[in-house]
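The primary structure of each chain is shown beneath.
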2 protein chains.
Amino acid sequence: MAIRYPNGRKFTGTESSQKQAPKKELTYSNRGMTLEEDLNETNLFYLQRKKAVIHKKPTPVQIVQVDYPKRSAAVIKEAYFKQASTTDYNGVYRGRYLDFEAKETKNKKSFPLQNFHTHQIEHMKQVLAQDGITFVILRFSLTDEVYLLDGKDLIHFYDQKENARKSIRKADIEKLGFLIKIGYQPRIDYLKVIDSVYF
Amino acid sequence: MAIRYPNGRKFTGTESSQKQAPKKELTYSNRGMTLEEDLNETNLFYLQRKKAVIHKKPTPVQIVQVDYPKRSAAVIKEAYFKQASTTDYNGVYRGRYLDFEAKETKNKKSFPLQNFHTHQIEHMKQVLAQDGITFVILRFSLTDEVYLLDGKDLIHFYDQKENARKSIRKADIEKLGFLIKIGYQPRIDYLKVIDSVYF
């Protein structure tokens with residue numbers, strides 16, 4: 001049986017052992033990292049280089065019961081996941097407010113709109129009304145292609161959902177979105193796209 | 001025994017019954033609301049009036065064990081509180097990034113600096129470097145006076161902490177900060193101060 005991390009990622013050895021023995025022709029695709037892990041590393045890179053201050057919001061949890069054992073930390077004994085009312089990532093870059101959601105699909109030719117919730121779309125509209133920058137980062141995980149799609153475009157497609165549209169065609173994402181080159185440091189250099197699109 | 005909400009606020013009847021029977025001379029001070037509750041209502045007011053998009057970040061929790069019972073929602077069975085790496089509130093207003101922390105004290109003449117953590121001060125410095133707006137909202141709960149103090153001023157006092165400074169004198173807050181009038185809707189109209197100080 002394969003050993004897996006809680007996030008479903010396969011355990012493939014310690015990080016240091018991977019570092020000590022890299023493959024000769026190292027590609028950065030399909031390394032088994034989730035999009036979230038890649039973005040967390042990217043944001044940490046930006047933070048350390050003083051390029052931007054972007055954080056992922058904590059998972060919202062409804063806490064019901066907490067125990068306070070003597071001489072040790074409080075333990076949450078009963079809690080439930082709540083649905084987020086905003087997108088997952090936000091922060092500040094060159095004076096502008098940045099706000100985005102990141103999702104991946106195993107589909108090859110389309111991105112399912114069910115990855116986004118109505119309240120997230122609503123939030124993106126609110127951010128646009130305040131002149132914030134909002135977008136989504138979409139990853140086609142089988143080919144490890146990552147696109148940045150502007151919030152207005154996502155909203156456009158989402159609002160057609162009522163008319164039986166269930167997904168965005170990859171061809172449309174290629175046309176309207178911006179391919180983000182996958183690298184080593186940072187892994188997903190989305191600020192490069194932000195620079196050229198929003199500034 | 002007084003019945004209390006999980007946040008420690010006293011249960012004093014249903015909200016609707018309170019609305020139906022307001023006191024004749026209604027003051028908005030010392031209503032037993034926490035600063036967090038007041039700010040959540042204020043931010044909701046701003047959101048609904050399309051004035052600004054400001055949210056409190058969820059409490060960060062390290063989830064250790066989750067049960068997935070049949071036919072019902074996942075239950076978190078073991079989790080721990082983590083220390084936040086940023087301030088609690090952020091969002092966008094008139095194109096600018098807003099970022100703040102809110103704290104209250106029962107002291108009369110000073111505000112203890114232990115209310116703030118080094119990583120929060122560090123975060124505020126990072127936000128300033130990206131030209132974001134950062135500040136703290138300080139409440140003296142006994143007199144229900146609420147001040148907005150610019151992040152640079154807080155940083156100035158905090159960085160003197162090593163030199164035995166344990167708190168900010170209220171006189172300094174009165175001099176450097178901005179008194180926010182407590183109202184009904186919104187309760188803590190801090191955007192009025194933001195308009196005059198940062199725009």
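Residues numbered from 1 in each chain as written. Chains lettered and ligands numbered in written order. Predicted model: local features only at pLDDT ≥ 70, side-chain atom pairs only at ≥ 80, totals over all residues. Heavy atoms only, no water.

Undergrad: For the overall build of chain A, give the residues involved together with the corresponding values.
TA: In terms of regular secondary structure, chain A is built from six helices and ten strands. By the burial criterion, 43% of the 199 residues in chain A qualify as buried. A separation of at least 24 residues holds for 63% of the contacts in chain A among residues at least 6 apart in sequence. (Helix = DSSP H or I, 4+ residues; strand = E, 2+ residues; numbered from the N terminus. Buried < 20%, exposed > 50% of the residue type's maximum accessible area, 1.4 Å probe, protein only. Contact = heavy atoms within 4.5 Å.)

Undergrad: A description of the relation of the copies chain B and chain A should follow, citing residues and the corresponding values.
TA: It takes a turn of 180° to lay chain B on chain A, together with a shift of 0.0 Å along the axis; the resulting RMSD is 0.0 Å. What we have between these two chains is a two-fold relation. Of the residues that chain B buries at the interface, 100% are likewise interface residues in chain A, meaning the two copies contact each other through the same surface. (Least-squares fit on C-alpha atoms with pLDDT ≥ 70 in both.)

Undergrad: Please give an account of the side chain of Glu37(B) that cites residues and values.
TA: By secondary structure assignment, the location of Glu37(B) is in helix 2 (residues 35-48). Of the polar contacts made by the side chain of Glu37(B), one reaches the backbone nitrogen of Thr34(B); its length is 2.8 Å. (Polar contact = N/O pair within 3.5 Å; in protein donor to acceptor, adjacent residues only side chain to side chain.)

Undergrad: If you had to explain the sheet that holds strand 2 (residues 61-67) of chain B to someone new, which residues and values would you point to?
TA: Spatial strand order, 2(A)-3(A)-3(B)-2(B): four strands in an open sheet with antiparallel pairing. Looking at the sheet topology across the chains shown, the edges are occupied by strand 2 (61-67) of chain A together with strand 2 of chain B. Across the sheet, the mean angle separating the axes of adjacent strands is 30° when strand polarity is ignored. Direction of pairing for strand 2 of chain A relative to strand 3 (residues 75-81) of chain A: antiparallel, over a ladder of six bridges. Following the sheet pairing, Val66(A) is matched in strand 3 of chain A by Ile76(A). (Pairing = 2+ DSSP bridges. Axes fitted to C-alpha atoms, helices over the stretch in contact; angles between N-to-C directions.)

Undergrad: Describe the UniProt feature "binding site: Mg(2+)" (unreviewed entry) in chain A, and please don't skip the residues or the numbers.
TA: All names here are of chain A. UniProt's feature table lists "binding site: Mg(2+)" (unreviewed entry) at Thr86, Asp88, Glu101 and Gln120, given in the numbering used throughout. In sequence the annotated residues extend across 35 residues, while in space they remain close, none of their C-alpha pairs exceeding 9.3 Å. The contacts of Asp88, once residues within four sequence positions are left out, are His55, Lys56, Lys57, Phe100 and Glu101. You can see Glu101 is positioned in strand 5 (residues 96-105). (UniProt positions renumbered as here; feature names shortened; annotations may be inferred.)

Undergrad: If you had to explain the interface of chain B and chain A to someone new, which residues and values would you point to?
TA: If you look at the interface, chain B gives 37 residues, while chain A gives 37 residues. Summed over both sides, the interface between chain B and chain A buries roughly 2,900 Å², with carbon and sulfur atoms accounting for 66% of that surface. One can count zero salt bridges joining chain B with chain A. The interface formed by chain B and chain A includes eleven residue pairs in polar contact (both at pLDDT 80 or more). Only strand 1 (53-56), strand 2, strand 3 (75-81), strand 4 (89-93), strand 5 (96-105) and helix 3 (118-129) of chain B provide two or more residues apiece to the side of chain B that touches chain A. The leading source of residues in the side of chain B that touches chain A is strand 3 of chain B, at seven residues. As paired elements, strand 3 of chain A and strand 3 of chain B share three bridges and run antiparallel to each other. Bridged to Ala79(A) within strand 3 of chain B is Ile76(B). (Buried area = accessible area lost by both parts, 1.4 Å probe. Salt bridge = Lys/Arg side-chain N within 4 Å of Asp/Glu carboxyl O.)

Undergrad: Help me get a handle on unusual backbone geometry, residues and values and all.
TA: Residue and element names in this part refer to chain A. Note the cis peptide between Gln185 and Pro186, where omega equals -5°. With respect to the helices and strands, the residue Pro186 is situated in the loop between strand 10 (178-180) and helix 6 (190-198). Backbone geometry at Arg94 places phi at a positive 50°, although glycine is not the residue there. In this structure, Arg94 sits in the loop between strand 4 (89-93) and strand 5. Classification of Arg94 as partly exposed rests on a relative accessible area of 46%.

Undergrad: Give a description of helix 4 (residues 151-158) of chain A that names residues and reports values.
TA: Residues and elements named next belong to chain A. What helix 4 keeps buried is the set Gly151, Leu154, Ile155, Phe157 and Tyr158. Buried residues of helix 4 fall within an arc of 165° about the axis and therefore sit on the same side. Summarising the contacts, the buried residues of helix 4 are in contact with helix 3 (118-129), strand 7 (133-140), strand 8 (145-150), strand 9 (167-169) and helix 5 (170-176). Sitting at the head of helix 4, Asp150 places a side-chain oxygen 3.1 Å from the backbone nitrogen of Lys152. (Arc of directions from axis to C-beta.)

Undergrad: Residue-level account of the pattern of salt bridges, with values.
TA: Residues and elements named next belong to chain A. Counted according to the given criterion, the structure contains 30 salt bridges over all chains. Its salt-bridge partner being Asp131, residue Arg96 comes within 3.9 Å of it at the nearest N-O pair. Linking Arg96 in strand 5 with Asp131 in the loop between helix 3 and strand 7, this pair joins segments that are 35 residues apart in sequence. We classify Arg96 as partly exposed; its relative accessible area is 21%. According to the relative accessible area criterion, Asp131 is partly exposed, its value standing at 47%. A salt bridge links Lys152 to Asp150; the nearest nitrogen and oxygen atoms lie 3.7 Å apart. The class for Asp150 is buried, based on a relative accessible area of 10%. Taken together, the shared-partner salt bridges in this structure form one network comprising Asp38, Glu41, Glu104, Arg139, Asp144 and Arg187.

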